[in-house]
Amino acid sequence: MAKFLIRRFIYMIITIFLVFTATFFMLAAIPGNALTGKIAKLPESSQQRIIQKYGYDKPVGERYVVTLGNALHGDFGESIVNAGDTVQSILSERLPVTVRLNTQQIVFGVIIGIVLGVIAAMRRGTAVDYGILIFCMFMTSVPSLVIALIFQLTFAGSSGLGLPIIGWPSGDELWFGGWQYTILPTISGALFYVAGYARTTKIAMLDSIYQECTTTARAIGMSESEVVIHHVVRNSFIPIITYLPQTIAGVLSGSLFIERVFSIPGVGNYYVECISSRDIPMVLGFTVFYSCITVVAIFASDVLYGVVDPRIKITGDKR
Amino acid sequence: MRKRALLACTLAAVLLVSTSLAGCGGSGDTASSGTATESGAASGTASTSTELADEQVVYLTQPEIRTLDSTQMNDNQSATVLVNTMEGLFRYSFDDQGNATAEKAGCTDYTVSDDGLTYTFTLRENTWSDGEPVTADDYVYAVSRLLDPDLAAPYAFFAEGLVNADKYLSGEITDFSQVGCKALDDMTVEYTLAEPDSTFLAKLASPEFLPLRQDIVEQYGDNYGTDYTQLVFNGPFKITEWTNTASGKFEKNESYWNADNVTLQEINMTYNNEQSTLDQLFKEGQLSQFGAATDYIAVYEQMAQSGQCQEISYPSDGGEFWISMSLGGGPSGLMSNVNIRRAVGLSIDGEAYCSTIYGRYTPADDLIPPAISWDGQQFTEASGGAKWADDIAEYRNQPEKLQEMFKQGLEELGLQTDDLSQYTLSYMTYDTGSSLNKQSQEFIQQQIEQNLGINVELNVLSGWEQYGAEVEDGSKWDISMNGWVPDYNDPMTYFGIWETGGSSNYEQYANPEYDQLLKDAQAETDSDKRLDMYSQLDQMLHDDFICMPLYFTDVKSFIQPYIQGVQIGTMGYMWDYSKVQVMAH
């Protein structure tokens, strides 16, 4: 187990290093960046001074060494577009908001999704099953932006249920409270998870329903509810649980469209703006940050796999 | 505004300026004649109530602050925040057509020497929000920071005309007292130019020259301007809460010299760009001003007519887009010929373009937009009419005439004229992610193809950043669409683009005669002579047909009926709420 962990840890470091290097050189290879826009209409002399100030007059190799050195100290540099913004300052300001929004979405979405999946599997072939299937297909194919806008128009404001049109709790209510602001953003983002988890659960359930151990359990006289809980549901949790860490990794990348529609000051919107304006230091910093999260999440799912299903052994040996 | 599809990328840098300043030619009286506008220019019936509401609070969409360091600023959103929270030498008011008038604000009077070199300002007594007086040193310090070689301020060139400024900027001298900007006493500041610059007053009125507190800036060093809590304010409002692209709040600044005339107590701002959300907020009364776009414009114009809101619209905000011609010839090799350039340019119908693609904006017939004015009228009127207008009247939608002109160009180049479909032009453009953008590209393509019978190939790059880097190479395109947002309210902000070797001279226009006249006009202090020179410059650009003006961007905003006195800015910032009153409703 320890051997496995060490090896995986080294792989993780290498992966992140490669992501950093690849991102750096790809960004450098694209003609134009945020600086181009910033200096576009200035006289030549001003342009030169600003390029020098940001160090973009130096060759790409030298920039790489400097950037890598700073990055090892956790410093990705200051935003070109918004003076004073750094990856750390943005994360500390905005991450809590995104984490709360997405946690609520996932908790709500996963629970409802699993319940619907179980119902669909137990009532397979009936109108209920088809109803859930159609609902899931619909929710997977409609973009969350559309759902968010429809919810906002229908349920917010005095013509709807009186829920706030925009806004998000802050200050003392950052983590807990101000629920009325969070209802619509949570539900409009959660429907995507509901659809995903309902389908995954249903398929996993159907798999285990037809397994021999289930038939055996029935044969030895276990009650139907015991069969479902002990054999069917437990076995079908394997794919669900291994899927979960990656869902959680997605938490940090934020719900871009939902943040935009409801004026939620989260990370998602900011990251996308950075990319579209080619704000190189910020894009690089966020990309490395997200890859760290993703790599850790993949690692977590591997470990969980072993925990849920003891037959899958985690060792340092070659399998 | 910056978020609007095609505009988004081109509105890189914007500064504000005044009309009368630009036209005054050095007389201290002209700028002082501005009369305070009593209420916002508004059509539609406003609230009939003449009583003030108990709560003087408004709700707006939040501008994005890039920096609050006025010497580093170069975008219209940060400028909006500065205009509402700081006081410079001048403040502007706008009439219902968007014509700006400068009013003395931070100064009570000023004189310009006869040789046009020395500008002396007497300051008004004003106080910073921490109780310190605003002094001439604050104005001088701003210039020293603008010219600081280490800071590389984008608009340092605004102050480069001052005596020794170029040497200070290049590090050749390090003693700022040798530069032509001095505090004569606490309340008098003097700017001295090396050579006369007829546009200097217009530049002085921009946020770059806002006074700055040396002690505060030094306390925060490099981070000055990135955090509102570090700032002190000398304008109508002060920032009391701010999280960028999230929410913010301004409150009335009681230490402002004109605080007695500021009625509004609070401006609350939330960041949101979704039109549907903003529409809903406006209708619920939770938003005071809505910059409607696309389909919402028609709906809100209807509402304005029935008195449910007020409309503020100006034909021009000073910005413009045109179709550039690659004078070196481009990949087709055709564009070096002036008749071909004229035929290509005139085959595009700007009026149809505005109505088909955007359903708004003003079709262009000159390179100088209506918002650029001269002694109280539009520059193009003052200078004897729009230079492209006759051409447009004669050739627009006349395929035979256009093809004839095109063939004449081909003959001059010694090329065959029998089969025009053999010729292909390359149109370099970029993807803004908006569907309007795609329609725009195809519209231009079809117009040229249909009118001239030639082919147009679209070369769509991935974004403005890439485009900005590639468009500089004129051998990669025959035509491209480019735009400009003026830096100050004087035609020079446009004419300066086409100086030989200019950094935004994508057409690569190089005409020594033009360069000389440009220089002479800059130095000319006589207003009439300068107007004549400007007119000649405009004529040269037309005669060489370096581009085809396409459209002027406009201003359109909708305000709640009970809100009075909103000033929508042209050319440099979005709004000024210092004169706003909320009426009972």
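Keep in mind the model is a prediction, meaning the values are calculated, not measured.

How would you explain the overall build of chain A if you had to name every residue and give the values?
Assigned secondary structure in chain A consists of 13 helices and zero strands. Seen in sequence order, chain A has helices and strands lined up from the N terminus as α-α-α-α-α-α-α-α-α-α-α-α-α. Put simply, 73% of the contacts in chain A that link residues at least 6 apart link residues at least 24 apart.

Explain the pairing of strand β7 (residues 188-192) of chain B to me, using residue names and the numbers behind them.
Residues and elements named next belong to chain B. For β7, the tally of buried residues reaches five of five residues, placing the bulk of the element in the interior. Side chains Thr 188, Glu 190 and Thr 192 project from β7 onto one buried face, and the interleaved Val 189 and Tyr 191 project onto a second face that is buried too. Across five bridges, the pairing between strand β5 (residues 118-123) and β7 is antiparallel. Looking at the pairing, Phe 121 lines up with Val 189 of β7. Note: strand β6 (residues 181-185) against β7, four bridges, orientation antiparallel. Its bridge partner lying in β7, Cys 181 is registered against Tyr 191. Once β6 ends, the chain turns through two residues before running back antiparallel as β7.

Tell me what's going on with the interface of chain A and chain B, and back it up with residues and numbers.
Between chain A and chain B, the contact holds 44 residues from the first and 48 residues from the second. Across the interface of chain A and chain B, roughly 3,500 Å² is buried in total on both sides, 51% from carbon and sulfur atoms. Viewed at the interface, chain B and chain A are joined by one salt bridge. Counting every contact that joins chain A to chain B gives 16 residue pairs in polar contact (both at pLDDT 80 or more). The greatest single-element share of the side of chain A that touches chain B, amounting to seven residues, is contributed by helix α3 (residues 44-53) of chain A. Its residues placed into classes, the side of chain A that touches chain B shows 17 nonpolar, 17 polar and 10 charged.

Describe the packing of helix α5 (residues 87-122) of chain A against helix α6 (residues 127-141) of chain A, with residues and values.
Residues and elements named next belong to chain A. Contact geometry for α5 and α6: axes closest at 8 Å, N-to-C directions at 140°. Our classification of the angle between α5 and α6 gives oblique. Here the hand of the crossing between α5 and α6 comes out left-handed. Together, Leu 116, Ile 119 and Ala 120 of α5 and Val 128, Asp 129, Ile 132 and Phe 135 of α6 make up the contact between the two elements.

Which residues make up the side chain of B:Gln567, and what are the values?
If you trace the backbone, B:Gln567 turns up in strand β23 (residues 567-568). At a separation of 3.0 Å, a polar atom in the side chain of B:Gln567 contacts the main-chain amide nitrogen of B:Phe94.

Account for the domain arrangement of chain A, naming residues and giving values.
All names here are of chain A. Each domain of chain A was delimited in the assignment, giving domain 1 (2-71) and domain 2 (87-308). Centre-to-centre separation of domain 1 and domain 2, based on C-alpha positions: 33 Å. Residue-level contacts link 18 residues of domain 1 with 17 residues of domain 2. Taken together, both faces of the contact between domain 1 and domain 2 bury some 1,500 Å²; the carbon and sulfur share is 81%.

Got a sec to walk through the sheet that holds β7(B)? Specific residues and values, please.
Residues and elements named next belong to chain B. With antiparallel pairing, four strands are arranged side by side in an open sheet as β4-β5-β7-β6. Strands with a single pairing partner mark the edges of an open sheet, and in this sheet they are β4 (107-112) and β6. Across this sheet, the average inter-strand angle for adjacent strands is 20°, counted without regard to direction. When β4 meets β5, the two strands line up antiparallel, connected through five bridges.

Just give me the short version of a negative patch on the surface, but keep the residues and values in it.
All names here are of chain B. Judged by side-chain charge, Asp 375, Asp 526, Asp 528 and Asp 532 come together as a negatively charged surface patch. By the element assignment, Asp 375 lies in the loop between β15 (373-374) and β16 (377-378). Residue classification places Asp 375 among the partly exposed positions, given a relative accessible area of 48%.

Summarise the side chain of B:Thr245; cite the residues concerned and give the values.
For B:Thr245, the position within the fold is in the loop between β8 (237-243) and β9 (247-252). The class for B:Thr245 is buried, based on a relative accessible area of 15%. Polar contacts involving the side chain of B:Thr245 include one to the side chain of A:Arg94, which spans 2.5 Å.

An account of the confidence of the model for chain A is requested, with residue identities and associated values reported.
With 95% of its residues at a pLDDT of 70 or more, chain A shows a mean pLDDT of 85. For chain A, per-element mean pLDDT is lowest for helix α10 (residues 224-253) of chain A, which scores 77, and highest for helix α4 (residues 60-72) of chain A, which scores 92.

Tell me what's going on with the packing of aromatic side chains, and back it up with residues and numbers.
This model, assessed by the stated rule, comprises 56 aromatic pairs over all chains. Ring centres 6.2 Å apart and planes at 70° place the aromatic pair A:Phe192 and A:Tyr193 in the edge-to-face group. Using a relative accessible area of 14% as the deciding quantity, one classes A:Tyr193 as buried. Seen from their ring centres, B:Phe495 and B:Tyr534 are 5.6 Å apart, and the 40° between their planes marks the pair as tilted. Here B:Phe495, found in helix α18 (residues 492-495), pairs with B:Tyr534, found in helix α20 (residues 527-543); they are 39 residues apart in sequence, far enough to count as distant. Taken together, the ring pairs in this structure connect B:Phe90, B:Tyr110, B:Tyr119, B:Phe121, B:Tyr191, B:Phe200 and B:Phe209 into an aromatic cluster. Sitting above the plane of the A:Trp179 ring, A:Arg100 keeps its charged end 4.7 Å from the centroid. Seen from the ring of B:Trp257, B:Arg124 lies directly overhead, with NZ or CZ sitting 3.8 Å from the centre.

Scoring rules and cut-offs
- Residues numbered from 1 in each chain as written.
- Chains lettered and ligands numbered in written order.
- Predicted model: local features only at pLDDT ≥ 70, side-chain atom pairs only at ≥ 80, totals over all residues.
- Heavy atoms only, no water.
- Helix = DSSP H or I, 4+ residues; strand = E, 2+ residues; numbered from the N terminus.
- Contact = heavy atoms within 4.5 Å.
- Buried < 20%, exposed > 50% of the residue type's maximum accessible area, 1.4 Å probe, protein only.
- Pairing = 2+ DSSP bridges.
- Buried area = accessible area lost by both parts, 1.4 Å probe.
- Salt bridge = Lys/Arg side-chain N within 4 Å of Asp/Glu carboxyl O.
- Polar contact = N/O pair within 3.5 Å; in protein donor to acceptor, adjacent residues only side chain to side chain.
- Nonpolar A, V, L, I, M, F, W, Y, C, P; charged D, E, K, R; others polar.
- Axes fitted to C-alpha atoms, helices over the stretch in contact; angles between N-to-C directions.
- Parallel < 35°, antiparallel > 145°, perpendicular 65-115°, else oblique.
- Left-handed = near helix turned anticlockwise from the far one by under 90°.
- Domains from an automatic or database assignment.
- Patch = residues over 30% accessible without salt bridge, like charges linked within 9 Å, V, L, I, M, F, W, Y side chains within 5 Å.
- Areas by Shrake-Rupley, 256 points an atom, 1.4 Å probe, with all protein chains shown as cover.
- Lys, Arg positive; Asp, Glu negative; His and termini not counted.
- Charge placed at Lys NZ, Arg CZ, Asp CG, Glu CD.
- pLDDT = per-residue confidence, 0-100.
- Phe/Tyr/Trp six-rings, centres within 6.5 Å; stacked < 30°, edge-to-face > 60°.
- Lys NZ or Arg CZ within 6 Å of the ring centre and 35° of its normal.

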